[in-house]
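# Summary of the model geometry
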Amino acid sequence: AGESFFSGWDFFAAADPTDGSVTYVSQSAAQSLSLISASAQSAIMRVSTAQPLPAGYANRPSVRITTQRTFTGGLLIGDIKHMPVGCGTWPAFWSNGPNWPAGGEIDIIEGVADATHNTASIHTNPGCTIPYDYGASGTPALAGQEGYNCAAAETGDSGCGLTDTTPNNYGTPFNNAGGGVFAMKWDSSGIAVYFWSRANVPSDITSSTPDPSGWPEPIGAWPASQCNPYEYFYNNVAIFDTTLCGQWAGNAWSSAAYGASQSCAQSTGYTTCDAYVAAQGGAFSDAYWEVYSVKLYQQAGMGA
């Protein structure tokens, strides 16, 4: 949290694994391009709005950061004021293990374009599924049996996503409500994701004494009964990123995102996501994260 926020993270500056129209930049480059800042109140991570693109960049510069600490189990809580929104955007707050998908992937916040509802999901090696009575308020993102199979190799990497249908949990409605708090709990009972809009954040979270036993039903749950959380997940790092287009936002360009009234192809007049991103830098002024804090709580033996 605060002015030292970025000291706990590494900046990912390799090619985007999801084929987005972005160039992830180093911390020094992010600073020189004015893509990051930190104050006593919050930290901000932006997508470049430059038009034309900054000299030397073939794609729009963006930020992806990864915690220096790894964890196997724990309670990860992100207090977020603003998330990236707009056509072409594909923001995520998530965790990932080594040798993907062997170490597991847990998507706490993920969506594209003008979506108004978050989808939390997990991606694993074969053998991890969720029961029909999974114990969460979210609804399966995919119809049929595929929605309950978390194996990346067996579902075209769709993951077993659960979409939050409560108000103000993603995109512009989330930002207009002052943001909120997301929590991911990973323990012997399984993995669960929780969300509270700003007005409903529990006092035990604001006082830094979180007690999940008193929390309401999660928006996403993947019980240990059909997915051992210490077999399919280990040594994760937490990640913030904003990619553009790519395998989800690009491929969904002509489809309306969850909660949106029309597709980005219709609303922008561009036939492809890549063309829009290259030509309309100013459209990404709201494509930024503003984060109050990220906290990881662990019990003994839960990680390095």
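Residues numbered from 1 in each chain as written. Predicted model: local features only at pLDDT ≥ 70, side-chain atom pairs only at ≥ 80, totals over all residues. Heavy atoms only, no water.

As recorded by an unreviewed UniProt entry, the chain carries the name Glycoside hydrolase family 16 protein and is attributed to Calocera cornea HHB12733.

### Re the nonpolar core
Counting residues in hydrophobic clusters, the biggest one holds 68 residues, and the most contacted among them are Met45 and Trp222. Apart from the residues lying within four places of it in its own chain, the contact partners of Met45 are Phe5, Phe6, Leu35, Ile36, Val63, Ile65, Phe240, Ala287, Tyr288, Trp289 and Val291. Judged by nonpolar contacts, the second largest core, of 10 residues, contains Val181, Ala183, Ala192 and Val201. (Core = buried A, V, L, I, M, F, W, Y, C linked by side-chain atoms within 4.5 Å. Buried < 20%, exposed > 50% of the residue type's maximum accessible area, 1.4 Å probe, protein only. Contact = heavy atoms within 4.5 Å.)

### Side note on the pairing of strand E6 (residues 64-67)
Side-chain alternation along E6 places Arg64 and Thr66 on one buried face and Ile65 and Thr67 on a second face that is also buried. Where strand E1 (residues 9-11) lies against E6, three bridges are found, and the strand directions are antiparallel. The partner of Phe11 across the bridge, within E6, is Ile65. Judged from the three bridges that link them, E6 and strand E16 (residues 237-244) form a sheet pairing that is antiparallel. (Helix = DSSP H or I, 4+ residues; strand = E, 2+ residues; numbered from the N terminus. Pairing = 2+ DSSP bridges.)

### With respect to the packing of aromatic side chains
As enumerated under the stated definition, the model contains 22 aromatic pairs in all. Their ring planes at 40 degrees and their centres at 5.8 Å tell us that Phe174 and Phe182 sit as a pair that is tilted. Each member of the pair, Phe174 as well as Phe182, carries the same accessibility label: buried. Judged by centre distance (6.3 Å) and plane angle (25 degrees), the rings of Trp186 and Tyr230 are stacked. Within this pair, whereas Trp186 is found in strand E13 (residues 180-187), its partner Tyr230 is found in the loop between strand E15 (220-223) and E16, the two being separated by 44 residues in sequence. (Phe/Tyr/Trp six-rings, centres within 6.5 Å; stacked < 30°, edge-to-face > 60°.)

### Here's the deal with the UniProt feature "domain: GH16" (unreviewed entry) in the chain
Following the UniProt record, the feature "domain: GH16" (unreviewed entry) maps to residues 1-239 here. End C-alpha atoms of residues 1-239 are separated by 15 Å, and the span's content is 7% helix alongside 31% strand. (UniProt positions renumbered as here; feature names shortened; annotations may be inferred.)

### So, unusual backbone geometry
Cis rather than trans, the peptide bond between Gln51 and Pro52 has omega equal to 0 degrees. A cis amide bond links Trp100 to the next residue, Pro101, at an omega of 0 degrees. Tracing the backbone through its elements, the reader meets Pro101 in the loop between strand E8 (89-96) and strand E9 (105-110). Even without being glycine, Ala113 reaches a positive phi, approximately 55 degrees. Positive phi, close to 60 degrees, is recorded for Cys245, a residue that is not glycine. Along the chain, the position of Cys245 falls in the loop between E16 and helix H4 (246-250).

### Observations concerning the state of the cysteines
On inspection of all chains with the given rule, the structure shows four disulfides. There is a disulfide in this structure between Cys87 and Cys264, and the S-S distance comes to 2.2 Å. As the torsion about the S-S bond is roughly -95 degrees, the Cys87-Cys264 disulfide counts as left-handed. Here Cys87, found in the loop between strand E7 (74-82) and E8, pairs with Cys264, found in helix H5 (residues 264-268); they are 177 residues apart in sequence, far enough to count as distant. What pairs with Cys150 in a disulfide is Cys160, and their sulfur atoms sit 1.9 Å apart. Residues Cys150 and Cys160 are joined by a disulfide whose S-S torsion is about 100 degrees; by sign, that bridge is right-handed. Of this pair, Cys150 sits in the loop between strand E11 (139-140) and strand E12 (162-163) while Cys160 sits in the loop between E11 and E12, and the two are 10 residues apart along the sequence. Judged by its relative accessible area of 0%, Cys160 is buried. When the cysteines of the chain that form disulfides are numbered from the N-terminus onward, they connect as 1-7, 2-5, 3-4, 6-8. (Disulfide = S-S within 2.5 Å.)

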